[in-house]
Amino acid sequence: MYRKSQQMVLKAVFLLGLTACSGVLGAGLEPQIPSVASFEPSNGSFEISPIVQIVVDNKYANHGSPSLLDFGNTFRDDLQAVIPYVTLGPVLLSPSVPGIAFGKTTIYLTLDTTLQYSLYNGKSTDEGYDIHVSQSSVTISGSAPRGVWWGTRTLLQQAALQLGQGKKTVSLPAGRITDSPGWEIRGFMLDAGRHWFEASFLGDLCIYASFFKINELHLHASDNLWNPAFLYGDGNEGWKHLYAAFRFQPPPGSPVTGLVPRRNESWPKQDFEQMQQTCAKHGITVVPEIDTPGHSLVINQWKPELMENGAPDHLNLSYPETIPTIKLIWEQFLPWFSASEVSIGADEYDAALANDYISFVNEMSSYISSKAGKSIRIWGTNEPSKTMSVSKDITIQHWDFPDDDIPVQLLQKGYRVINSEQVFLYLDGKTSEDNQFPQELNQDLIWAGAPGGKGWAPNIFSPTDPTNNTSPDDPNLRGSIFALWNDWGNNATTALEIYYQLARSVAVFAEKTWSGSDVRQTALTRAQFDTAYPILNAAAPGQNLNRVVKPVHGNVVLDLPGPYTSLSTHVPSVGPPYTLSFSVKPDSKSPSTGLLFSGIDSKLHVANLTFEATGQLYALGYVLPTDRYTSVSIHATREYTYAVIDGDEANPRYWYTLMDIWGDYMALGNMSFAAPSASIGGDGFRGAVKNIMLTLGA
């Protein structure tokens, strides 16, 4: 129910009143990400004037969850962010009466239940939309609210691309856009089991990905680091101390409280549900994963009696209390999850126990269906049983040849399949063993890595063997999810470094999972993508993961002569590239106490010039003298951060991290930090900082 004080209901009956302008916007639409399926131009064009009104059809305003009105309110905020010159009032409600002008630029959102949209496999989808633009009207319609939402993303991208090319106002060519996705599932997976992320950061990732019509966040929420020296061997107790985590925080008194010893690295129900709601309000479903019976060290650290003998990261499925315990865990958290599907993981288990594994997977499918009305997904695993098989009610998420079942064979047998093939779709935080995976999705593979030099799409599993690929219209191919793993733990990356790896990957993946390759004539070329992406990345509304700030003049963000012991700047954080220069003199009695700078993403401690980010410490190893001022100039890009001390540019000092690569060797990695610009001093700092200059550019 919406109060009339919050939502004004129009008494006048109208559809759209728009300020028309003469001329046509080039030959049609700007190439955007993802590309639209079709655009039929008509005569003329339409200019968005400085005063804009968003109107939602009151007949359908409360349809859906989120509702059409919910999406309309979010669209209003986004439109203001993307087109700064417009002035927007509250979202209004009105009946739909086409052709009556209101007298100002108005965008009308409505549902049309006669509209029908299909995926490439012929199945219906509620994610399609139409945009009708005449010289005096614009209407975004769909068969369901989420389709209308994707239509608003198209309008915003058209505006952003024009303004990003230097145009002063936004004009839309008259005509009709009709668009819908090729596949049902277009998602990205984030490994939050091995690396902690705040729920607010996950929400921002959803907001960003939504701009490119991604519709799922697969949240891998339990796992452990893998180091054979800690896990295996007679008498080895190292597994008790190896990092493992479960991210859903049980309430006080829960029977599974002992499952989460790191409560400061877990999501309370309120935080998780708020993040889940943020994602939903941007068209994205959060699909949670609790991984068992492999990758289960965190459960065995809690209840060692459930462990498979000799494999502390595996559960013993034949032990009487194992499956009841897993069901108990799911029982605690199923009420949190709004998605109609969840993942139970179920990959990389002992092939010799195939029947136990299959029986477990099928039992969990039945349990979760009866308990919460949800279906399940599992990672593809080759289970060599001759007497049992995984239920076809379960979706298989393919990830690897040859350890996984062959996906085309699964499809032919009637299994529903999601493509997460690692050759195309795996990333790893910061680095990977022997550089197996790229830092972002490999553009060469995505655009030309399929057999015959063609582009990748969800129907492509193999880059070399066409017989292991299927057609875009395969009835059981649901779509695709790309994955970013965090095999090296919390200290390998900051949260923002993870975003840097995801940012372009999300966009190119969105194009290929919406449009495919060699299906639509309107699909983007690589050159078109490369032109549009930087503009759209910078314009994506609702979040500021790039940590962009407006300089006070030129490229200067802060210019503070000082000296200061403490000061608040009201600049929360500045993303790289930047240069932060200052002079510092620690207190002689407490030279290692306190903070020099702090912000929402990082802190810089006076002790050893140590950066802190995502709860981890990264020392430069430089001890500041207390008898004089030392000049420090910090230079940061998205690839590294280094300091020049007392002007010694010939000897820059870099901030590094050490990563344990599966117990085989230690790898050195550069760290990129956002500038900790919100405040100077703090946490007991008693020295002085002066000549502070923060500028954009490294």
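Help me out: how do you make sense of the layout of surface pockets in this one?
Rolling a probe over the atoms, with the probe sized like a water molecule, indicates the empty space that remains. In this structure, the largest pocket spans a volume of roughly 770 Å³. Looking at the largest pocket, it is lined by 35 residues, and the ones nearest its centre are Ser65, Arg146, Gly283, Ile284 and Thr285. Of all elements in the fold, only α1 (68-82), α2 (145-164), α5 (269-280) and β14 (285-292) reach the threshold of two or more residues within the lining of the largest pocket. Here the lining of the largest pocket takes 4 residues from α5, the largest share from any one element. Its residues placed into classes, the lining of the largest pocket shows 11 nonpolar, 12 polar and 12 charged.

Please clarify how the nonpolar core should be interpreted in this entry.
Buried together is how nonpolar side chains tend to be arranged in soluble globular proteins. In this structure, Leu79, Phe248, Trp267, Trp330, Ile344 and Ile378 are the most contacted members of the largest nonpolar core, which totals 150 residues. For this core, the element with the most residues is helix α12 (residues 495-514), which contributes 13 residues. In contact with Ile344, not counting residues within four places along its chain, are Ile290, Asp291, Thr292, Trp330, Phe360, Val361, Met364, Ile368, Ile376, Arg377 and Ile378. Val549, Val584, Leu620 and Trp655 belong to the second-largest nonpolar core, a separate cluster that totals 36 residues.

Could you clarify how one ought to interpret the sheet that holds strand β25 (residues 578-585) in this entry?
Within a sheet, each strand pairs with its neighbour through backbone hydrogen bonds, oriented either parallel or antiparallel. Across the sheet, 6 strands lie side by side as β23-β36-β25-β30-β31-β32; this open sheet has antiparallel pairing. Either end of the sheet is taken by a strand with one partner, and the two such strands are β23 (556-560) and β32 (653-654). The pairing of strand β30 (residues 630-636) with strand β31 (residues 641-645) spans 5 bridges and is antiparallel. Each residue of the ladder has a partner; that of Ser633, found in β31, is Val644.

Teacher, can you tell me more about the pattern of salt bridges here?
A pair can form between side chains of opposite charge whenever their charged atoms are brought close. Applying the stated rule across the entire model yields 23 salt bridges. Between Asp78 and Arg153 there is a salt bridge, with the nearest N and O atoms lying 2.7 Å from each other. Of this pair, Asp78 sits in helix α1 while Arg153 sits in helix α2; the two residues are 75 residues apart in sequence, bridging distant segments of the chain. Here Asp530 ties to Arg504 by a salt bridge, and the two come within 3.7 Å at their closest N and O atoms. Taken together, the residues Asp530 in helix α13 (residues 526-539) and Arg504 in helix α12 connect sequence positions 26 residues apart. For Asp530, a relative accessible area of 36% gives the class partly exposed. Via salt bridges that share partners, Glu184, Glu216, Glu341, Arg377 and Arg478 belong to a single interconnected network.

Parameters at a glance
- Residues numbered from 1 in each chain as written.
- Predicted model: local features only at pLDDT ≥ 70, side-chain atom pairs only at ≥ 80, totals over all residues.
- Heavy atoms only, no water.
- 1 Å grid on protein atoms, 1.4 Å probe; cavity = no way out; pocket = protein on both sides within 12 Å on 5 of 7 lines; lining within 4 Å.
- Points joined across faces, edges and corners; volume = space filled by probe spheres on them.
- Helix = DSSP H or I, 4+ residues; strand = E, 2+ residues; numbered from the N terminus.
- Nonpolar A, V, L, I, M, F, W, Y, C, P; charged D, E, K, R; others polar.
- Core = buried A, V, L, I, M, F, W, Y, C linked by side-chain atoms within 4.5 Å.
- Buried < 20%, exposed > 50% of the residue type's maximum accessible area, 1.4 Å probe, protein only.
- Contact = heavy atoms within 4.5 Å.
- Pairing = 2+ DSSP bridges.
- Salt bridge = Lys/Arg side-chain N within 4 Å of Asp/Glu carboxyl O.

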